[in-house]
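Read off the chains here:
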Amino acid sequence: MESVLTTRGLSKTYGSCHALRNLSMEVPKGAIYGLVGRNGAGKTTLIRLLCGLQTPTAGSYTLYGVDHTDKAIHTVRQRMGAVVESPAIYQDLSAINNLKMQAQVLGLPSQEDLPHLLGLVGLEDTGKKKVRHFSLGMRQRLGIAMALVGSPDFLVLDEPVNGLDPQGIVEMRELLLRLNREKQITILLSSHILDELARLATHYGFMDRGRMVQQITASQVEAACRKCTHVEVSDVAILARVLDGMGLDYTILSSHSADIYAHPHVTELVQALADAGCQVSSMHQHDESLESYYMSLVGGDARG
Ligand code: ATP
């Protein structure tokens, strides 16, 4: 399959900090590629390198087959739109005027498509309203519209749902799926919210401490996810001791929750926990979550 982005042995150091270590990955054309990693894993560093905002210390990457050291990379990068950290949006301009500014910056001759672009991100009714009066979700969607000026077919988004309320998250999800399915835009995005990423991504890259630990498709993750019992308890250390004593396999998710990979004898487990001084607040069966899958890969607590 044709790939939009390939990295080979990419490394980036800041003084003694190894932000990226020998990272190789491939984003296939048409994918929604989710970068998964806890705080400091190197996701933003990777995205900044790909956008040309920083240069790698070692290794290389190609965009549409063009090496990053090739002069043609600047032309190829026009096929890529990105929202990294806070997008450059003028607060005192309306959405449409922000898009017009962006079109001018890119030197685009025509601005005919801009109203259509606003419609695409659901901001067609904002009229003359200044961006400073927009909700966070509206601003995030405007950031994406700005990145889409120039009609890129590869969109790179650093934490697009960060800080959004549930409604904003749903709107962002629908927008990204529409861009991918209807406009055939390949998307690379990072997110901490793994439940949300699981509703979108076709491919994952699991990162840990600057390394790519595993690249896998969504269907492979689905097949690999085991049936498990999710428990919420007052003390996860006691839970771990009791489960070890019962010989059950598990992953600790937080100081109050864990996934157990078996169907434990519920009465026996609750009784053993109560005897050890640990209360159970809930227990239900489900498929292993993306979060739990990631943690079984890298160990420890996935929340940064
Ligand atoms: P987060 O989810 O918190 O944004 P991340 O996966 O995006 O994390 P990065 O921001 O890429 O991680 O950071 C990777 C490592 O590189 C961290 O240890 C960070 O402190 C370090 N780092 C990033 N940028 C710089 C910089 N400009 N100078 C020094 N260290 C940096």
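Since this is a predicted model, take the numbers as computed values, not measurements.

Right, let's get into the sheet that holds strand β3 (residues 32-36). With mixed pairing, six strands are arranged side by side in an open sheet as β6-β7-β8-β3-β9-β10. Both edges of this open sheet fall to β6 (80-83) and β10 (211-217), since each of them pairs with a single strand only. The average undirected angle you get between the axes of adjacent strands in this sheet is 15°. The sheet contact formed by β3 and strand β9 (residues 203-208) spans four bridges and is parallel. Looking at the pairing, Tyr 33 lines up with His 203 of β9.

The subject of this paragraph is the nonpolar core. The nonpolar side chains of a soluble globular protein tend to be buried, and buried together. Counting 52 residues, the largest nonpolar core has Leu 142, Ile 144 and Tyr 204 as the members making the most contacts within it. Top element by residues in this core is helix α5 (residues 136-148). It accounts for seven residues. For Ile 144, the contacting residues outside a window of four places in its chain are Val 83, Leu 155, Leu 157, Met 172, Leu 175, Leu 176 and Leu 179. By size, the runner-up hydrophobic cluster in this structure holds 28 residues, among which are Met 25, Cys 51, Leu 63 and Leu 188.

This part covers the domain arrangement of the protein. Interfaces are often described in size by the accessible area the parts lose on coming together. Once the domains are mapped, the protein shows domain 1 (3-222) and domain 2 (227-286). Using C-alpha coordinates to define each centre, domain 1 is positioned 39 Å away from domain 2.

Strand order in the open sheet formed by four strands is β2-β1-β4-β5, with antiparallel pairing between adjacent strands. A single partner strand is all that each edge strand has here, and the edge strands are β2 (17-28) and β5 (66-67). The pairing of strand β4 (residues 58-63) with β5 spans two bridges and is classified as antiparallel. Within the sheet, the bridge partner assigned to Leu 63 lies in β5 and is Val 66.

Turning to the site of the ligand, a few remarks are in order. Around the ligand, the neighbouring residues are Tyr 14, Cys 17, Ala 19, Arg 38, Asn 39, Gly 40, Ala 41, Gly 42, Lys 43, Thr 44, Thr 45 and His 192. Here an oxygen atom of the ligand and a side-chain polar atom of Thr 44 are 2.6 Å apart. Protein burial of the ligand: of its 640 Å² of free accessible surface, 59% is covered by the chains. When residues in the shell around the ligand are grouped by element, the largest group, three residues, is from helix α1 (residues 43-50).

This brings us to the pattern of salt bridges. Overall, the coordinates contain seven salt bridges when judged by the stated rule. Salt-bridge contacts for Arg 79 lead to Asp 153; the nearest nitrogen and oxygen are separated by 2.9 Å. With a gap of 74 residues between them, Arg 79 in the loop between α2 (73-76) and β6 and Asp 153 in the loop between α5 and β7 (154-158) connect regions that are remote in the sequence. On the basis of relative accessibility, which here comes to 24%, the residue Asp 153 falls in the partly exposed class.

As a further point, take the environment of Met 146. Relative to the helices and strands, Met 146 resides in helix α5. Measuring from C-alpha to C-alpha, the distance between Met 146 and Ala 198 comes to 26 Å, with 52 residues separating the pair along the chain.

The final tally for this structure, using the stated rule, is three aromatic pairs. A centroid spacing of 5.6 Å and a plane angle of 15° characterise the contact between Tyr 204 and Phe 206, whose relative ring orientation is stacked. Comparing Tyr 204 with Phe 206, the two get one shared label, buried. Through successive ring pairs, a cluster of aromatic residues spans Tyr 204, Phe 206, Tyr 293 and Tyr 294. Stacked on the ring of Tyr 64, the Lys or Arg Arg 79 has its end atom at 3.6 Å from the ring centre.

Glancing now at the environment of Val 36. If you trace the backbone, Val 36 turns up in strand β3. With 153 residues separating them in the primary sequence, Val 36 and Leu 189 have C-alpha atoms 8.9 Å apart. Excluding residues that lie within four positions of it along the chain, Val 36 makes contacts with Lys 43, Leu 194, Leu 197, Tyr 204, Gly 205, Phe 206, Met 207 and Tyr 294.

For helix α3 (residues 95-105), the set of buried residues is Ala 95, Asn 98, Leu 99 and Ala 103. One side of α3 holds all its buried residues, which, seen down the axis, span an arc of 140°. Opposite its buried face, α3 presents the exposed residues Gln 104 and Val 105, each directed more than 90 degrees away. Against the buried residues of α3 lie α4 (114-120) and α5. Gly 107 sits one or two positions beyond α3 and adopts a positive phi of about 70°.

On any regular strand, side chains alternate: one points to one face of the sheet, the next to the other face. Among the five residues that make up strand β8 (residues 186-190), five are buried, leaving the element largely enclosed by the rest of the structure. Here β7 runs beside β8; their pairing, made up of five bridges, is parallel. Residue pairing for β8: Leu 155 is matched across the bridge by Ile 187. In this fold, β7 hands off to helix α6 (residues 166-182), which returns the chain to β8; that crossover is right-handed.

Rules used in this analysis
- Every chain begins its residue count from 1, and numbering advances along the sequence as written.
- Owing to the predicted nature of the model, reporting of local features is limited to residues with pLDDT of at least 70; listing and counting of side-chain atom pairs is limited to 80 or more, with chain, interface and lining totals taken over all residues.
- Excluded from the side-chain calculations are hydrogens and water; all other atoms, namely the structure's heavy atoms, are used.
- A strand pair is defined by DSSP finding two or more bridges across the two strands.
- Runs of H or I in DSSP of at least four residues are treated as helices and runs of E of at least two as strands, each being numbered from the N terminus.
- All axes are obtained by fitting lines to C-alpha atoms, using only the stretch in contact for helices, and the reported angles, taken between N-to-C directions, cover 0 to 180 degrees.
- Each nonpolar core is a collection of buried residues, namely Ala, Val, Leu, Ile, Met, Phe, Trp, Tyr and Cys, held together in the definition by side-chain atoms within 4.5 Å.
- Exposure classes here rest on a 1.4 Å probe applied to the protein chains alone. A residue is buried below 20% of its type maximum, exposed above 50%, and partly exposed in between.
- The contact definition used throughout considers only heavy atoms, calling two residues in contact when any of these lie within 4.5 Å.
- Where a domain begins and ends is set by an automatic assignment or by a domain database.
- Near residues are defined by distance, with any heavy atom within 4 Å of the molecule or strand qualifying the residue.
- In the analysis that follows, any N or O atom pair within 3.5 Å is treated as a polar contact, provided that within protein one partner can donate a hydrogen and the other can accept it, and provided that, for residues neighboring in sequence, both atoms belong to side chains.
- Values of accessible area rely on a 1.4 Å probe in the Shrake-Rupley scheme; residue burial ignores everything except the protein chains shown.
- A pair is scored as a salt bridge if a Lys or Arg side-chain nitrogen falls within 4 Å of a carboxyl oxygen belonging to Asp or Glu.
- Stacked, edge-to-face and tilted labels apply to pairs of Phe, Tyr and Trp rings (six-membered ring for Trp) whose centres lie within 6.5 Å, assigned for plane angles under 30 degrees, over 60, and everything in between, in that order.
- Definition used: whenever NZ (Lys) or CZ (Arg) falls within 6 Å of the ring centre and also within 35 degrees of the ring normal, the charge is taken to sit over that ring.
- Arc definition: it is the arc formed by the directions from the helix axis to the C-beta atoms.
- Crossover handedness is defined by viewing with both strands directed away from the observer: a clockwise path from the first strand over the helix to the second marks the crossover as right-handed.

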